[in-house]
Amino acid sequence: MKKRKLGYKLSRNRGSRTALFRSLIKSLIIHGTITTTVVKAKAVTGDIDKLVNLAKKDDLASRRRLYAYLGNDRKTTDALVKNIALSLKDRIGGYTKVVGAGIRRGDAAKLVKLSWSNDIIIAPKASLKKTKKSKEKASLKKEKKVGNKGKLKKILERKKK
């Protein structure tokens, strides 16, 4: 007796199918929108919803599950937790939208644009400007490595003033 199976095979074995889904999800997280076929978009949307729900929790266990699913990619996981989950915190589900994008010329496959349903606000990065004191410490370390005693004395005198 034939049982109903959940999911799409997409003419791939298990390993290449999971790699395909992982790469589609990573590109959606990084770029915000991707163009793919209808079947691939439908296959990925459920996984994306689960990952965003995990990212909303933002505890250690959910972070580890995200790392495991996304192949230990820290950049993608941080972007999902810090930017996307914060932008979608008001929504309960339906984090992605699928919009038709025509037909592919080579094989006449139906294409869609898969994107986030809300606008994603990117969190500002912490400023990496060095302070004056840290620059002086760095120059002191360089001078000590080089071994120029005269320059080292000048820097120490400036520091005392």
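Further up the page is the structure itself.
Residues numbered from 1 in each chain as written. Predicted model: local features only at pLDDT ≥ 70, side-chain atom pairs only at ≥ 80, totals over all residues. Heavy atoms only, no water.

Peer 1: Got a minute to help me understand helix α4 (residues 74-87) in this structure?
Peer 2: Along an α-helix, residues three or four positions apart point the same way, because every turn accommodates 3.6 residues. The end-to-end C-alpha distance of α4, which contains 14 residues, comes to 19 Å, matching closely the 20 Å that a straight helix rising 1.5 Å per residue would cover. At leucine 80, α4 shows its largest kink, close to 35 degrees. On its buried face, α4 sits against α1 (14-31), α2 (38-57), α3 (60-69) and β3 (110-116). (Helix = DSSP H or I, 4+ residues; strand = E, 2+ residues; numbered from the N terminus. Expected span 1.5 Å × (residues − 1). Bend = angle between axes of the 7 residues up to and from the residue. Contact = heavy atoms within 4.5 Å.)

Peer 1: What's the story with the pairing of β3 in this structure? I'm lost.
Peer 2: Regular strands have side chains that alternate between both faces of the sheet. The buried count for β3 comes to five of seven residues, which makes it a mostly enclosed element. Bridge count for strand β1 (residues 33-37) against β3 is five bridges, and the pairing is antiparallel. Each residue of the ladder has a partner; that of threonine 35, found in β3, is lysine 113. One ladder, built from six bridges, connects strand β2 (residues 96-103) with β3; its direction is antiparallel. From the neighbouring strand, glycine 100 faces β3, where its bridge partner is valine 112. (Buried < 20%, exposed > 50% of the residue type's maximum accessible area, 1.4 Å probe, protein only. Pairing = 2+ DSSP bridges.)

Peer 1: Where do I start with the packing of α2 against α4 in this structure?
Peer 2: Packed helix pairs are characterised by how far apart their axes lie and by the angle those axes make with each other. One way to put it is that α2 packs onto α4 with a least axis distance of 9 Å and a crossing angle of 95 degrees. The angle between the axes of α2 and α4 places the two elements in the roughly perpendicular class. On the side of α2, the interface is formed by Leu51, Val52, Ala55 and Lys56, while α4 contributes Leu80, Val81 and Ala85. Of the residues belonging to the contact of α2 with α4, the class tally is six nonpolar, no polar and one charged. (Axes fitted to C-alpha atoms, helices over the stretch in contact; angles between N-to-C directions. Parallel < 35°, antiparallel > 145°, perpendicular 65-115°, else oblique. Nonpolar A, V, L, I, M, F, W, Y, C, P; charged D, E, K, R; others polar.)

Peer 1: Would you mind going over the nonpolar core with me for this structure?
Peer 2: The nonpolar side chains of soluble globular proteins are, as a tendency, buried together. Core analysis: the biggest nonpolar cluster contains 27 residues, and Ile25, Ile29, Ile48, Val52, Leu66, Leu80 and Trp116 have the highest contact counts within it. Elements with a minimum of two residues in this core: α1, α2, α4 and β3. Top element by residues in this core is α2. It accounts for eight residues. Dropping the residues within four chain positions of it, valine 52 is found in contact with Leu80, Leu88, Tyr95 and Trp116. (Core = buried A, V, L, I, M, F, W, Y, C linked by side-chain atoms within 4.5 Å.)

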